[in-house]
Every structure is written in C-alpha cells, then in structure tokens.
Amino acid sequence: MNTSDIRWCVLIPCLNEEAAIGSVVQSVLALGVPVIVVDDGSDDRTPDIVGALPVTLLRHPQRRGKGEGLRTGFREAVRQGYDAVLTMDGDGQHLASDIPRIAAAAQRYPNHIVIGARLLEREQQPKARRRANAIADWGISWACAQPVADTQSGQRWYPRAALDLVDLPAENFVFEAAILIAASREKGMGVVSVPIASRYQGEFRISHFSPIRDVTRITTYTVGEVFRHGDIMASYRRSRASLPIVFDTAVT
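Computed from a prediction, not measured in an experiment: that's the story for all the values here.

Calculation criteria
Residues numbered from 1 in each chain as written. Predicted model: local features only at pLDDT ≥ 70, side-chain atom pairs only at ≥ 80, totals over all residues. Heavy atoms only, no water. Helix = DSSP H or I, 4+ residues; strand = E, 2+ residues; numbered from the N terminus. Buried < 20%, exposed > 50% of the residue type's maximum accessible area, 1.4 Å probe, protein only. Contact = heavy atoms within 4.5 Å. Areas by Shrake-Rupley, 256 points an atom, 1.4 Å probe, with all protein chains shown as cover. Polar contact = N/O pair within 3.5 Å; in protein donor to acceptor, adjacent residues only side chain to side chain. Pairing = 2+ DSSP bridges. Expected span 1.5 Å × (residues − 1). Salt bridge = Lys/Arg side-chain N within 4 Å of Asp/Glu carboxyl O. Phe/Tyr/Trp six-rings, centres within 6.5 Å; stacked < 30°, edge-to-face > 60°. Axes fitted to C-alpha atoms, helices over the stretch in contact; angles between N-to-C directions.

Q: Tell me what's going on with the overall build of the protein, and back it up with residues and numbers.
A: Counting its regular elements, the protein contains nine helices and seven strands. Buried positions account for 56% of the 252 residues belonging to the protein. Residue pairs in contact within the protein that sit at least 24 positions apart in sequence constitute 78% of those at least 6 positions apart. Only carbon and sulfur atoms are counted for the fraction: they give 53% of the accessible area of the protein, which is about 11000 Å².

Q: Break down the side chain of Gln152 for me, with residues and values.
A: Looking at the secondary structure, you find Gln152 in the loop between helix H5 (127-144) and strand E6 (156-159). Gln152 sits in the buried class, given a relative accessible area of 14%. Looking at Gln152, its side chain comes within polar contact range of the side chain of Thr151, at 3.2 Å.

Q: Tell me what's going on with the pairing of strand E5 (residues 112-120), and back it up with residues and numbers.
A: Across eight bridges, E5 lies against strand E7 (residues 190-197) in parallel orientation. Bridging across to E7, Val114 finds its partner in Val192. Where E5 lies against E6, two bridges are found, and the strand directions are antiparallel. Its bridge partner lying in E6, Val114 is registered against Trp157.

Q: Now, about the environment of Thr219: what can you tell me, with residues and values included?
A: Within the element layout of this structure, Thr219 appears in helix H8 (residues 213-229). Residues Thr219 and Ile140, spaced 79 residues apart in sequence, show a C-alpha to C-alpha distance of 8.3 Å.

Q: Report on helix H7 (residues 174-186), specifying residues and quantitative values.
A: Between its terminal C-alpha atoms H7 stretches 17 Å, which fits the 18 Å expected from 13 residues at 1.5 Å a residue. The buried fraction of H7 is high, at 11 of 13 residues. Turning to H7, its buried residues are Val174, Phe175, Glu176, Ala177, Ala178, Ile179, Leu180, Ile181, Ala182, Ala183 and Ser184. With its phi angle positive at about 65°, Gly188 sits one or two positions after the end of H7.

Q: An account of helix H3 (residues 66-79) is needed here, citing residue identities and associated values.
A: An ideal rise of 1.5 Å per residue puts 20 Å on 14 residues; H3 measures up with 20 Å between its terminal C-alpha atoms. Extensive coverage of H3 is indicated by the burial of 11 of its 14 residues. Taken as a whole, H3 has its buried residues at Lys66, Gly67, Glu68, Gly69, Leu70, Arg71, Thr72, Gly73, Phe74, Glu76 and Ala77. Immediately beyond the C-terminal end of H3, within one or two residues, lies Gly81, with a positive phi of roughly 90°.

Q: So what's going on with the pattern of salt bridges? Which residues, and what values?
A: Taken as a whole and judged by the stated rule, the model has 14 salt bridges. Between Glu176 and Lys66 there is a salt bridge; the shortest N-O distance is 3.2 Å. Separated by 110 residues along the polypeptide, Glu176 in helix H7 and Lys66 in helix H3 bring together distant segments of the chain. Of the two residues examined, Glu176 and Lys66, each falls in the buried class. By sharing partners, the salt bridges in this structure join Arg64, Glu68, Arg71 and Glu171 into a single network.

Q: Outline the packing of aromatic side chains, listing residues and values.
A: Applying the stated criterion across every chain yields a total of six aromatic pairs. Judged by centre distance (6.4 Å) and plane angle (75°), the ring pair of Trp138 and Tyr236 falls under edge-to-face. Taken together, the residues Trp138 in helix H5 and Tyr236 in helix H9 (residues 232-239) connect sequence positions 98 residues apart. Judged by centre distance (4.8 Å) and plane angle (65°), the ring pair of Trp142 and Tyr236 falls under edge-to-face. Of this pair, Trp142 sits in helix H5 while Tyr236 sits in helix H9, and the two are 94 residues apart along the sequence.

Q: Go over the sheet that holds E6, please, and point to the residues and values.
A: Read from one edge of the open sheet, seven strands run E3-E2-E1-E4-E6-E5-E7, paired in mixed fashion. The open sheet has two free edges, formed respectively by strand E3 (56-59) and E7, since each of these has just one partner strand. Going from strand to strand, the sheet's axes swing by 20° on average, the running direction of each strand aside. One ladder, built from four bridges, connects strand E2 (residues 35-39) with E3; its direction is parallel. Its bridge partner being in E3, Ile36 is matched across the sheet by Thr56.

Next comes the structure, spelled out in structure tokens:
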C-alpha cells in the first residue's frame, strides 16, 4: 500500500477492549502498517493481548481519557519519526479494510485531515446518537468555518501539521473536536471525508462516549471557539458549503 513516500502509522487508543483488540490490531498488521497502541488504564486483558503482538504499546497507569490517549500516541509517533498518523478505535467499529481508501485520499489531498465518515448504512446508528452527531457536525463545522462530515468519527488521518497541535487545552472527546477546529483555523488545513459503514451491532461494547455529558462538553467548547475566532456569520456561510466527500479515491 503506497502513500507517497511519507512514513505513517496507525494509532489505536483503547480502554477495556479485550473482546476485539487482538483482531483489530492483527488486521492492521496484515496491511504491513506499523501500529502504536495506547492503553488508557485498562483493568481487563487488553494490555496482555496487545503486549503479545509486534506493536508499540504504551500504558497509562490510570484512566486519563481519550484526549490523553491520543496525545500520548501523537507524541510517540513524532518521536519515532512518523509524518502522519491514522487513528482508529479498538472495539471493532472501524475496519482495517477502510484504511487503504483513507490513506489514498490523504495522498490525493495533502495537508488535509481525512475522516472515515460513517455515511453508509446509517440505519445502523441509534436515533439518539444520530441526532447528537448531526448537532455536533453543525456546530463544529461552524467553528471550523468549513463543512465537516462526521465530526465524531475516531477513524482519521492526521498529517504532521495536525500532530503539532498535541498541546491544545482540551480533554477527553473534546480533544478531537479541538484538533479539527485548530487545524482549520490556525493551520489553514482542509478536511475531507471518505464514506465508511456505520457499525453499531451488538458485538461492540457500550461506548465510552456519553451523549449527554460529552455532547455538552463539546458544545460548550465549540460555541466558545465560534466566538473566539469572530466573523461569525461569514464562518457559518462557509460551513454550509458542499461537503468534501471522496467517493472515487483510487487505492495505490
């Protein structure tokens, strides 16, 4: 799988994913892609399963949230000399088979964040989660001053310029929204989305994302960013442009 000449890896932050983490990591390794796993203080067999595989495993002694998991992984990726990182969840919701299309889109659209957007088979999504995601997409796109599809997806390609935003003052799931906003506003980066399937079947563990708590945190942060960057109505108009979705990316 060719993505120009840049060095990149897959980063998987995880917490108590013993049911799926082994198969998730092995499916990525089968693509010939190096893997960094950040275990956020699991108290099940997750670190033992990952530790038996040929990956870089970093562990938090206690739970620090997804934002810190991503921060730890970003710093390790930069330390190892990677130019980009592709993140995915460890519960099996994201498939390694989507990675080549996302990587190909990154090659086609340099200096962009590429999101594996859950736009296919959306009937799989619980209605409450779909509504929460729609609200988040509307607000975060406004704060980014550009349209973004599926702002809550954890399967993303981050180029090096985005990795440099590692010290943004945002925690937990807010960190992923903060990176989108700062990359758009401070780095002038674009965001494109590659459609992937929505996967919410019963085999996945209950999400660590709380529709009430985390949506409230994300909304509060996003509203603050909209006002902080100013040009409120101009930003809103730009956020309502056509969504940049890549359907026809060739895999090389």
